[in-house]
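Each chain, written out:
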Amino acid sequence: MTKKKNSSISANEAWKCLIEKYGIIEQIKKNGVFHIKASQIKEFKEPRFMAKWDSSDSLPEVFKTNRINILPDSRSSYVLSDFILYKEISELEEHVTQMDRVEIPEYESIDINNINSEANAINVLILSGILDDFLQTTPNVSTFNGRMGTGKFDFMVNCFSDTQKHIEVNNAQCEIDGGFENDDSVIIIEAKNVVHEDFHIRQLYYPYRLWKSKVSKPIRLVFSIYSNKIYRLFEYRFNDLNDFSSIELVQTKNYSLQDTRITLEDLISVRQNTLITTNDSQDCATKETTPFIQADSLDKVISLLENLYDNPLNTMQISELMQFDIRQSDYYFNAGKYLGLFIKRKDDGQKLVELTALGIRIYNMDYKKRQLFLVSLILKHQIFADFFDYMVENGEQPTKKNIENKLREYNVCNEGQISRRASSVNGWLRWIFNLTRL
């Protein structure tokens, strides 16, 4: 296979080339694992774009197809096999009565309506007392963070082949978002400000093994997601120090800095005051018409909106931020455009995605206003208004078949796209009515 320049090849294409050149699939079948140096990866693309995927969504298609995953085992080498490396994150469904509303001290340098980075999210997590409440600990003091070497350790990890593999690590690099200490424990935090379905266990395990060798106190591991003005905190532990796959959820709790109470009556009021402006029919389509949605997660649309507020991004940057492939980046741009939130503009020869005036306005709304305004934007479309009325009247989600038939009735997409688009409609309807349970 002809070697391509680094800038002109995707991670998926680069891994196809590497797999072919080194016979990686065959070597894994024969030896159980395949070790590869960063210099070998660099023949096709920079390793930093080829070996770090924090959610399984972002994995190259060739990895997904062959059930391959990759782990760093030093600063300049990696090991590939059929490792199981990701831990699923459950959907946000906890009722508001189970959530604590917290108040933050009035600091001029902290704006709770503009927590736009993982570092800011951690600062507010501490200042607000959320972390203290979640862990039921004495005040926690920040003592370490940043990139550091892991030292030497080894472990076992589960594989798709119902086996375990033994891995040895020699001073690989890990990055810790937040390290804290109190009278009783050391706390390691992995923070995210983008919503994903799962996370890479390495993000907790490698820092855990590093600090387990340094301190005598128990180590508590916290995975934090801040998105759409809600903190979701998860505490994990490893039941066996030497088993990467022994991760277990200890507790989870959600926190808000704002009022999150939304009732069914609130949603019905939005429906009654929203003017339907389109049925999305292809018969009325023009070249400027936005494609009907093909993005299942409205939470990810909101995450993208929050990240675009201060920083317009191109499609590749969105892909890296959201852990999407390029195609998904387009789907989620179009979903935001469908609601009037995103637009593309040319800047220095490239197309950047940025927020519209409406997107900026929604970003600056408090939680309740933001959610209800988003509902109104969705219900301007006839198909969503119809299914909203159905769900209010019947108290149940429409079946996928019912959604597919409605898509045909309104002629919103081609027949071959109906099943996929129906999943997106289902996801957005579920999001709307889940607001009353948060």
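Calculation notes
Residues numbered from 1 in each chain as written. Predicted model: local features only at pLDDT ≥ 70, side-chain atom pairs only at ≥ 80, totals over all residues. Heavy atoms only, no water. Helix = DSSP H or I, 4+ residues; strand = E, 2+ residues; numbered from the N terminus. Buried < 20%, exposed > 50% of the residue type's maximum accessible area, 1.4 Å probe, protein only. Contact = heavy atoms within 4.5 Å. Pairing = 2+ DSSP bridges. Core = buried A, V, L, I, M, F, W, Y, C linked by side-chain atoms within 4.5 Å. Phe/Tyr/Trp six-rings, centres within 6.5 Å; stacked < 30°, edge-to-face > 60°. Lys NZ or Arg CZ within 6 Å of the ring centre and 35° of its normal. Axes fitted to C-alpha atoms, helices over the stretch in contact; angles between N-to-C directions. Left-handed = near helix turned anticlockwise from the far one by under 90°. Nonpolar A, V, L, I, M, F, W, Y, C, P; charged D, E, K, R; others polar.

A closer look at the side chain of S55
Then comes step 1: Turning to its location among the elements, S55 is positioned in the loop between α3 (38–41) and α4 (61–66).
Then comes step 2: A relative accessible area of 0% means that S55 is categorised as buried.
Then comes step 3: Once you skip the residues sitting within four places of it in the chain, S55 turns out to touch Y86, H196, D198 and Q323.

Things to note about the pairing of strand β9 (residues 173–181)
Then comes step 1: As judged from the seven bridges shared by strand β6 (residues 141–149) and β9, these two strands associate in the antiparallel manner. Among the inter-strand pairings, S142 is bridged to a residue of β9, identified as F180.
Then comes step 2: Relative to strand β10 (residues 186–192), β9 runs antiparallel, the two sharing four bridges. Residue pairing in the sheet places E181 in a bridge with V186 of β10.
Then comes step 3: Where β9 folds back onto β10 in an antiparallel hairpin, the turn is made up of four residues.

As for the environment of V412
Then comes step 1: On the secondary structure map, V412 appears in the loop between α15 (400–410) and α16 (418–434).
Then comes step 2: On the accessibility criterion, V412 (5% relative accessible area) is buried.
Then comes step 3: Each C-alpha atom of the pair V412 and I383 lies 9.3 Å from the other, and the pair is 29 residues apart in sequence.
Then comes step 4: Those residues in contact with V412 that lie beyond four places of it in its chain are N279, D280, Q282, F292 and L407.

Re the nonpolar core
Then comes step 1: The biggest cluster of nonpolar side chains holds 62 residues, and the ones touching the most others in it are W15, F155 and Y206.
Then comes step 2: When sequence neighbours within four positions are dropped, the list of residues in contact with F155 reads L71, K165, H166, I167, V169, Y205, Y206, R209, N242 and F244.
Then comes step 3: Of all hydrophobic cores here, the second largest spans 57 residues; its members include F292, M322, L374 and I403.

What to know about the packing of aromatic side chains
Then comes step 1: Within this structure, the stated rule accounts for 24 aromatic pairs.
Then comes step 2: Between F199 and F223, the aromatic rings sit 4.3 Å apart at their centres with planes inclined by 25°, giving stacked as the arrangement. Of this pair, F199 sits in strand β11 (residues 198–200) while F223 sits in strand β12 (residues 219–227), and the two are 24 residues apart along the sequence. Take F199 and F223: they sit in the same class, and that class is buried.
Then comes step 3: Taken together, the aromatic side chains of F153, F155, Y205, Y206, Y208, F238 and F244 make up a single cluster linked through ring pairs.
Then comes step 4: A cation over a ring is seen here: K214 above W211, with NZ or CZ 5.6 Å from the ring centre.
Then comes step 5: One cation-aromatic arrangement involves K344 over F333; the distance from NZ or CZ to the ring centre is 4.7 Å.

What to know about the sheet that holds strand β3 (residues 77–81)
Then comes step 1: Taken together, three strands build an open sheet; the order of strands is β1-β3-β2 and the sheet is antiparallel. For this open sheet the edge positions go to β1 (34–37) and β2 (69–74), each flanked by a neighbour on one side alone. For this sheet, the mean inter-axis angle between neighbouring strands, taken without regard to orientation, is 30°.
Then comes step 2: Here five bridges tie β2 to β3, and the two strands are oriented antiparallel to one another. When the bridges of β3 are listed, L71 appears paired with V79.

Brief notes about the packing of helix α8 (residues 264–272) against helix α14 (residues 382–394)
Then comes step 1: Where α8 meets α14, the closest approach of the two axes is 11 Å, and the angle between their N-to-C directions is 145°. In this structure, the crossing between α8 and α14 has a hand that is left-handed. Two secondary-structure elements touch here, α8 through L264, L267, I268 and R271 and α14 through A385, F388, D389 and V392.
Then comes step 2: Among the residues making up the contact of α8 with α14, the classes are represented as six nonpolar, no polar and two charged.

Thoughts on the environment of I126
Then comes step 1: Its place among the elements puts I126 in helix α5 (residues 118–127).
Then comes step 2: In the structure, I126 is positioned 135 residues away from R261 in sequence and 24 Å away in space, judged by C-alpha atoms.
Then comes step 3: Not counting residues up to four positions away in its chain, the partners in contact with I126 are L131, N140 and F180.

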